[in-house]
Amino acid sequence: MTARLAGKTALITGASRGIGLAIAEAFAREGANLALNARDPVRLAETAAALSAAHGVRVTPHAADVTDRAAMQRMVQDVEALGPVDILVNNAGIHMARPFLEYSFETFREVLETNVYGVVHVTQFVLPGMIARKQGRVINIASTAGKGGTRNQSAYNASKHAVVGLTRCLALEMVAHNVLVNAICPWVVDTDMATGFIGEHAKNLGIDPAQATANFLAMVPIKRFIRPEEVANLAVFLGSDESSYVNGQSWAVDGGYSMI
Ligand SMILES: NC(=O)c1ccc[n+]([C@@H]2O[C@H](COP(=O)([O-])OP(=O)(O)OC[C@H]3O[C@@H](n4cnc5c(N)ncnc54)[C@H](OP(=O)(O)O)[C@@H]3O)[C@@H](O)[C@H]2O)c1
């Protein structure tokens, strides 16, 4: 069987661990060449080398902070010097859980700078090439937090609602250029981020992390957290030719969480 992403190049932000790494692995398995981004250069270089060795595709590391607009412009130029970007996955994100009145403005802004403006920067530099070639896919990793309210994480939910809104608007603007834009909205995925925010929620509620974990699990019909590769499976579909009539959607990967 032909690999589903053979001949394509994907730029994935936040790709050194968690969901981004799982997407990178799944894309490499399907034959895509990869340009990977995260801040920690050592971990990113190790990730890139391991994926390239395991899957025989070209994988280049591009360590930079998505909040740094000039660095994102340089990164996209460096990536495009190797070849066009067919698929952009905006995955880099952070999460700070606090009651609204306990956010410092700086913390609230940091979440939006990363989760919203990081997406804006990278996407604004990648889209012109996709428009010129009349071909492209943008996949934004949002969250179920982009579809509803959650106590004590207003900055995160505001940022992910913005990503869902951005996805819809770009899907409308880009469709004439044969660039399709979709979002994935996972519930709790078993990554470093989830360990961090469950701990923060526990602290905010004055309970221990085991109780906070049990409280989260009680919310979902499938009584477990999501494995990162379960998000990556959908990203492969959205990056492939199989999703050629799918545009502007915010796909829940949530075990039924949002239907009840
Ligand atoms: N885990 C969940 O439950 C969950 C649920 C729904 C949606 N999501 C979303 O899925 C995405 C990935 O989450 P995750 O759980 O995989 O997170 P994670 O385990 O914390 O990994 C985050 C990745 O992003 C990178 N990163 C963070 N800030 C960055 C920045 N400013 N510039 C560039 N890279 C940055 C990190 O590497 P460095 O630290 O080296 O930069 C790392 O590679 C996020 O957008 C998150 O909001 C997560």
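What counts as what
- Residues numbered from 1 in each chain as written.
- Predicted model: local features only at pLDDT ≥ 70, side-chain atom pairs only at ≥ 80, totals over all residues.
- Helix = DSSP H or I, 4+ residues; strand = E, 2+ residues; numbered from the N terminus.
- Rg over C-alpha atoms; globule rule 2.2 N^0.38 Å.
- Buried ≥ 20, exposed ≤ 12 C-beta atoms within 10 Å, placed from the backbone.
- Contact = placed C-beta atoms within 7 Å.
- Axes fitted to C-alpha atoms, helices over the stretch in contact; angles between N-to-C directions.
- Parallel < 35°, antiparallel > 145°, perpendicular 65-115°, else oblique.
- Left-handed = near helix turned anticlockwise from the far one by under 90°.
- Nonpolar A, V, L, I, M, F, W, Y, C, P; charged D, E, K, R; others polar.
- Near = placed C-beta within 6 Å.
- Pairing = 2+ DSSP bridges.
- Right-handed = clockwise from strand over helix to strand, strands pointing away.

Undergrad: Could you give an account of the overall build of the protein, with specific residues and numbers?
TA: In terms of helices and strands, the protein carries eight helices and seven strands. Here the C-alpha atoms of the protein give a radius of gyration of 18 Å, agreeing with the 18 Å that 2.2 N^0.38 yields for 260 residues. Dimensions of the protein, computed from C-alpha atoms along their principal axes, come out at roughly 50 × 40 × 40 Å. Relative to its full complement of 260 residues, the protein shows a buried share of 46%. Excluding contacts between residues fewer than 6 apart, the proportion of contacts in the protein whose partners are at least 24 apart in sequence is 73%.

Undergrad: Outline the packing of helix α4 (residues 105-133) against helix α5 (residues 154-174), supporting the account with residue identities and numerical values.
TA: One can describe the packing of α4 onto α5 by two numbers: an axis separation of 8 Å at closest approach and a directional angle of 20°. As judged from the angle between their axes, α4 and α5 are roughly parallel. Crossing hand, α4 versus α5: right-handed. Mapping the contact onto sequence places F108, V111, L112, N115, V116, V119 and L127 in α4 and A155, Y156, A158, S159, K160, A162, V163, L166 and M174 in α5. Split by residue class, the contact of α4 with α5 holds 13 nonpolar, two polar and one charged.

Undergrad: Kindly report on the site of the ligand, identifying the contributing residues and their values.
TA: Taken together, 32 residues form the shell around the ligand, and within it G14, G18, R39, G93 and M193 come nearest. Of all the secondary structure elements, the ones that give two or more residues to the shell around the ligand are α1 (18-29), β2 (33-38), α4 and α6 (192-205). Broken down by class, the residue content of the shell around the ligand amounts to twelve nonpolar, 14 polar and six charged.

Undergrad: So what about the packing of α1 against helix α8 (residues 228-239)? Which residues, and what values?
TA: Between α1 and α8, the shortest axis-to-axis distance is 8 Å and the interhelical angle comes to 50°. As the angle between them shows, α1 and α8 are arranged oblique. The crossing of α1 and α8 is right-handed. The residues of α8 that touch α1, namely those facing G18, I19, A22, I23, E25, A26 and F27, are P228, E229, V231, A232, N233, A235, V236 and G239.

Undergrad: Summarise the sheet that holds strand β3 (residues 59-63); cite the residues concerned and give the values.
TA: The sheet built from seven strands is open, its strands ordered β3-β2-β1-β4-β5-β6-β7 with parallel pairing. With partners counted over all chains shown, the strands left at the sheet margins are β3 and β7 (250-253), one partner each. The sheet shows a mean angle of 15° between the axes of neighbouring strands, direction not considered. Taken together, the four bridges between strand β4 (residues 87-90) and strand β5 (residues 136-141) define a ladder with parallel strand orientation. Residue pairing across strands places I87 opposite R137, the latter belonging to β5. Sheet contacts for α5: β5, β6 (179-186) and β7; angle to β6, the most-contacted strand, approximately 160°.

Undergrad: I'd love a proper account of the pairing of strand β1 (residues 9-12), names of residues and values included.
TA: Going residue by residue along β1, you find T9 and L11 tucked away on one face and A10 and I12 tucked away on the opposite face as well. Pairing analysis gives four bridges linking β1 to β2, with the strands arranged parallel. Paired with A10 across the bridge in β2 is L34. At this point the chain moves from β1, through α1, to the parallel β2, and the crossover so formed is right-handed. Relative to β4, β1 runs parallel, the two sharing three bridges. Looking at the pairing, A10 lines up with I87 of β4.

Undergrad: Summarise unusual backbone geometry; cite the residues concerned and give the values.
TA: Backbone geometry at N152 places phi at a positive 65°, although glycine is not the residue there. Mapped onto the fold, N152 is located in the loop between β5 and α5. Exposure remark for N152: the 18 C-beta atoms within 10 Å place this residue in the partly exposed category. Even without glycine at this site, N178 takes up a positive phi of about 60°.

These figures come from the coordinates and say nothing about function on their own.
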